[in-house]
Amino acid sequence: MKKIFKNLMAAPMLGLAFMSAVLGGAKMPAEQPDKVKVAVIEFTPGSDASIMTYEAKRQLQASIAFELYKSKRFDVVDVRHTRDASQADLAAVNGESTAAAVRVGKQLRVSYVLTGTVVEYNPQGSATLATRLVEVSTGKVKHTETISQQSISKVTTGGAAEMAAKVLKPLIQKLTDSLAALAF
């Protein structure tokens, strides 16, 4: 009976020791030094993008954040936190000065803030984004880019889902590839 009790007590202890050894050597995603912590701000629509719906703007932000995350180069802040931090001052964050973007970046504890403007949003099959990546520690713009995309196939309905699939998805992929290629 004592031997059975001793074995029952030893099994969990060995299991805990094994798990500690395995997990102790593993890095958590936030600890990986090769990932850059970034916040993606909701882009401001320009005059040629006034037709863009509220839902389309939100979807654009979430899609950019997700593609950056999928690239495995970025540790991306959840867009809900980003929206809470930036919503009151969205025009300033996406504006000419970097001060508002730096303020949001410090609040979110990130290294970089991706801001931008939707320069063009045409449901007939084209879109243009003007983006900038602001370094929070210096307030300097690390990268700026204007990216355009024509529909990859004929646009039939001009709806948000079709724009997302045929125009915005390839546009976001171009942006992600460009940012992932940067040396940090």
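Residues numbered from 1 in each chain as written. Predicted model: local features only at pLDDT ≥ 70, side-chain atom pairs only at ≥ 80, totals over all residues. Heavy atoms only, no water.

With that out of the way, let us pick up the overall build of the chain. On a plain count of helices and strands, the chain comes out with 6 helices and 6 strands. Walking the chain from its N terminus toward its C terminus, one meets helices and strands in the order α-β-β-α-β-α-α-α-β-β-β-α. Each of the 184 residues in the chain was classed as buried or not, and the buried ones make up 40%. Considering only contacts within the chain whose residues lie at least 6 apart along the sequence, 62% involve residues at least 24 apart. (Helix = DSSP H or I, 4+ residues; strand = E, 2+ residues; numbered from the N terminus. Buried < 20%, exposed > 50% of the residue type's maximum accessible area, 1.4 Å probe, protein only. Contact = heavy atoms within 4.5 Å.)

Okay, the confidence of the model for the chain next. Predicted confidence across the chain gives a mean pLDDT of 83, with 82% of residues reaching 70 or more. Below pLDDT 50 for its whole length, residues 1-31 participates in 5 contacts with residues either more than four positions away or in separate chains. (pLDDT = per-residue confidence, 0-100.)

Attention now moves to the nonpolar core. L60, I64 and L114 are the most contacted members of the largest nonpolar core, which totals 31 residues. Counting residues per element, this core draws most heavily on helix 6 (residues 160-180), at 8 residues. In this structure L60 touches F43, M52, V118, L129, L168 and I172, once residues within four positions along its chain are discounted. Membership of the second largest hydrophobic core comes to 15 residues, among which are I41, L90, V104 and V136. (Core = buried A, V, L, I, M, F, W, Y, C linked by side-chain atoms within 4.5 Å.)

The interhelical angle for the contact between helix 2 (residues 54-70) and helix 3 (residues 79-86), taken along N-to-C directions, is 125 degrees, at an axis separation of 10 Å. By the angle class used here, helix 2 and helix 3 are oblique. Classified by chirality, the crossing of helix 3 by helix 2 is right-handed. Along the contact surface, helix 2 presents R58, Q61, A62 and A65, while helix 3 presents V79, T82 and R83. When grouped by side-chain class, the residues that make up the contact of helix 2 with helix 3 number 3 nonpolar, 2 polar and 2 charged. (Axes fitted to C-alpha atoms, helices over the stretch in contact; angles between N-to-C directions. Parallel < 35°, antiparallel > 145°, perpendicular 65-115°, else oblique. Left-handed = near helix turned anticlockwise from the far one by under 90°. Nonpolar A, V, L, I, M, F, W, Y, C, P; charged D, E, K, R; others polar.)

Moving on to the pairing of strand 6 (residues 141-150). It is a general feature of regular strands that their side chains alternate between the two faces of the sheet. For strand 5 (residues 126-135) and strand 6, the ladder comprises 9 bridges, and the chain directions are antiparallel. Pairing of L133 across the sheet is with H143, part of strand 6. Two successive antiparallel strands, strand 5 and strand 6, enclose a turn made up of 5 residues, where G139 displays a positive phi of approximately 80 degrees. (Pairing = 2+ DSSP bridges.)

Our next topic: the packing of aromatic side chains. Throughout the structure, instances matching the rule amount to 3 aromatic pairs. Ring geometry for F74 and F184: centres 5.8 Å apart, planes at 85 degrees, overall edge-to-face. With F74 in strand 3 (residues 74-76) and F184 in the segment after helix 6, this residue pair connects regions lying 110 residues apart in the sequence. Of the residues examined, F184 reaches a relative accessible area of 36% and is grouped as partly exposed. A network of ring pairs unites the aromatic residues F74, Y112 and F184 as a single cluster. (Phe/Tyr/Trp six-rings, centres within 6.5 Å; stacked < 30°, edge-to-face > 60°.)

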